[in-house]
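# Structure assessment
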Amino acid sequence: MGWNRSKAIHTPTKVVTPAAPSESAVRACAGFGLLIETRASHAPMHTRPTPAMLRAIEQAQTVLLTGPSGSGKSCLLRGLTHALSMRVDERTIHSADNTPSPGRSLIDLLDGSLNEKRSILSHAGLAEPRLWALSPPCLSEGERARFSLALAMSRAKAGDVLIVDELCTALDRISAYALARTIRRWANRSGITLIGASAHEDMESMLAPDLIIDLHTNAVRPSTGFIEQPIHIEPGTIDDYRQLAHLHYLADEPATRTLVLRAIRTTPTQGQLLAGVLVVSMPTLNASWRTRAWPGMFNTHSKAINARRLNAHLRTISRVIVEPRSRGLGVASALVRAYLHNPQTIATESIAAMGSACPFFERAGMTPYPLLPTPTDLRLIDAIEHEQHTLTDLTKPETINNPLIARELITWSKSRKLVGPGTHDRHTAQLLAPIAACRLLAQPRAYAHVHQQHAEGSNRDGTY
């Protein structure tokens, strides 16, 4: 008879917490067979990974923990952090969960050279230069999450492991796609193992990791692959440029434009969106660096011949703008490459203020030429150094109180045709100082390209 058999006793599950339980908390949990136990210090819960899981992770470059919220992703990440840190090898475990100091700018908080810092910020989805001078409290929630990621990335070295909880969770899905692509590319190039966790079902198709740990099905499996968000280059209009013009550091609209190309990105959530734009313009008459790219072509003894050849054989890529949510996807290079494939003239040039940090012209096949300081630039720099100041001091109003610097700044501005002839007061110098600082502190590069089919088909008549 089963009626007189003793029943198994099921001990209530304990919920360990550092908080002192109230009567309401005890009542709320007791009805579900839960008892609250208070402990003075309580380490976050973690789930110990299995040996098979660790072996699979060892063979992967990118790993994604997926599953619905509450499925244990964060607990497993903590377990993985503990297990991997116990290994005897030399690698370091980095977690993108640090709260950086509020008193310093983003670019000052990162490790590495200036170009390395800018590259890391771009790979972490913070390619907007206006953000680089801000401190973390000035950022939005999504930007702070990306900066915590950038901070960990800047400290990781080849062979290390980077662990990211809530990967791309705080981002809209269009931005999340771009960040997933750039961080995976960065991890592969840097030789760093990336382990991320996300509850978003689309992260697998965005990141395309080597290994999926699915906590919903308890499966450890390969990724099903990457779902492309194709980018198509097509002719555009000046209205396409104007939609994105506010994102460019040059506010003025390019003059004498001859062509506009646009990049259209197809997304699963918003369909087609304008991802970038390229504007081609007529060249300026004077550019000293052209003698290095095309010696003897545009610097003959005759100004009339020079102008005629410039108009017939040269065009300038005057603007390349990429919409922020599509940065890191190769849009800029794709636009330049598309134009160079079928250019309006045999020769193409461009000048980029951020050429050293964002070498997309080089990736598209153009040849870089560092711009050397002009004699007028050197004269102003010499005056600043003579007065024991630096170029960054030009951003400080008190520097213009120096009569020599103020005078040389006016001379520099006249040479640059920023002001006309005549006498200018110190107030004008104060307005010109930040312009000079930006021009002289930047490391612009000029770029040149010759279309081979045009060159091979030329009649070599002294032009091309």
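Look a little higher up for the structure.
Residues numbered from 1 in each chain as written. Predicted model: local features only at pLDDT ≥ 70, side-chain atom pairs only at ≥ 80, totals over all residues. Heavy atoms only, no water.

## Digging into the layout of surface pockets
- Its volume calculated, the second largest pocket comes out at about 380 Å³.
- Contributing to the lining of the second largest pocket are 22 residues, with Ala96, Asp97, Val164, Asp165 and Glu166 lying nearest its centre.
- Those elements that place two or more of their residues in the lining of the second largest pocket are α3 (73-85), α7 (141-155) and β5 (161-164).
- If one sorts the elements of the lining of the second largest pocket by residue count, α7 sits on top with five residues.
- Counted by class, the lining of the second largest pocket contains 11 nonpolar, five polar and six charged residues. (1 Å grid on protein atoms, 1.4 Å probe; cavity = no way out; pocket = protein on both sides within 12 Å on 5 of 7 lines; lining within 4 Å. Points joined across faces, edges and corners; volume = space filled by probe spheres on them. Helix = DSSP H or I, 4+ residues; strand = E, 2+ residues; numbered from the N terminus. Nonpolar A, V, L, I, M, F, W, Y, C, P; charged D, E, K, R; others polar.)

## Some words on the pairing of strand β7 (residues 211-214)
- Neither face of β7 is open: one carries Leu211 and Ile213, the other Ile212 and Asp214, and all of them are buried.
- Relative to strand β8 (residues 219-221), β7 runs antiparallel, the two being bridged by three bridges. Within β8, the residue paired with Asp214 across the bridge is Ala219.
- Connecting the antiparallel pair β7 and β8 is a turn made up of four residues, with Asn218 showing a positive phi of about 55°. (Buried < 20%, exposed > 50% of the residue type's maximum accessible area, 1.4 Å probe, protein only. Pairing = 2+ DSSP bridges.)

## Some words on helix α12 (residues 303-313)
- Along α12, the positions that sit buried rather than exposed are Asn306, Arg309, Leu310 and His313. Taken down its axis, α12 places every buried residue within 100° of arc, on the same side.
- The secondary structure elements touched by the buried residues of α12 are α11 (290-293), β12 (314-322) and β13 (347-352).
- Its side-chain oxygen at 3.3 Å from the backbone nitrogen of Ala304, Ser302 defines the N-terminal cap of α12. (Arc of directions from axis to C-beta. Contact = heavy atoms within 4.5 Å. Polar contact = N/O pair within 3.5 Å; in protein donor to acceptor, adjacent residues only side chain to side chain.)

## Let's talk about unusual backbone geometry
- Phi angles above zero are rare outside glycine, and Thr256 is one such case at about 45°.
- Notably, Gln388 is not glycine yet its phi reads approximately 60°, a positive angle.
- Position of Gln388 relative to the elements: it lies in the loop between α15 (375-386) and α16 (403-415).
- Under the relative-accessibility criterion, Gln388 is labelled exposed at 75%.

## Some remarks on the sheet that holds strand β11 (residues 271-281)
- If you walk across this open sheet you meet the seven strands as β9-β10-β11-β12-β13-β15-β14, and the pairing is mixed. A single partner strand is all that each edge strand has here, and the edge strands are β9 (231-235) and β14 (367-370). Strand-to-strand twist in this sheet, taken as the mean axis angle between neighbours without regard to direction, amounts to 30°.
- For strand β10 (residues 257-267) and β11, the ladder comprises 10 bridges, and the chain directions are antiparallel. In the strand pairing of β11, Leu261 is matched with Leu278.
- Across the face of the sheet, helix α13 (residues 331-341) comes into contact with β9, β10, β11, β12, β13 and β15 (445-450) while running at roughly 55° to β11. (Axes fitted to C-alpha atoms, helices over the stretch in contact; angles between N-to-C directions.)

## Here we look at the sheet that holds β8
- Here we have six strands laid out as an open sheet, ordered β4-β5-β6-β3-β7-β8, and mixed in their pairing. Strand pairing shows two members of the sheet lacking a second neighbour, β4 (93-95) and β8, which therefore form its edges. With direction set aside, neighbouring strand axes in the sheet form an average angle of 15°.
- Pairing between strand β3 (residues 62-66) and strand β6 (residues 193-198): five bridges, direction parallel. Residue pairing in the sheet places Thr62 in a bridge with Leu194 of β6.
- Where α7 meets the sheet, its contacts fall on β4 and β5, and the angle it forms with β5 comes to roughly 170°.

Spatial relationships are all this shows, so hold off on functional conclusions.
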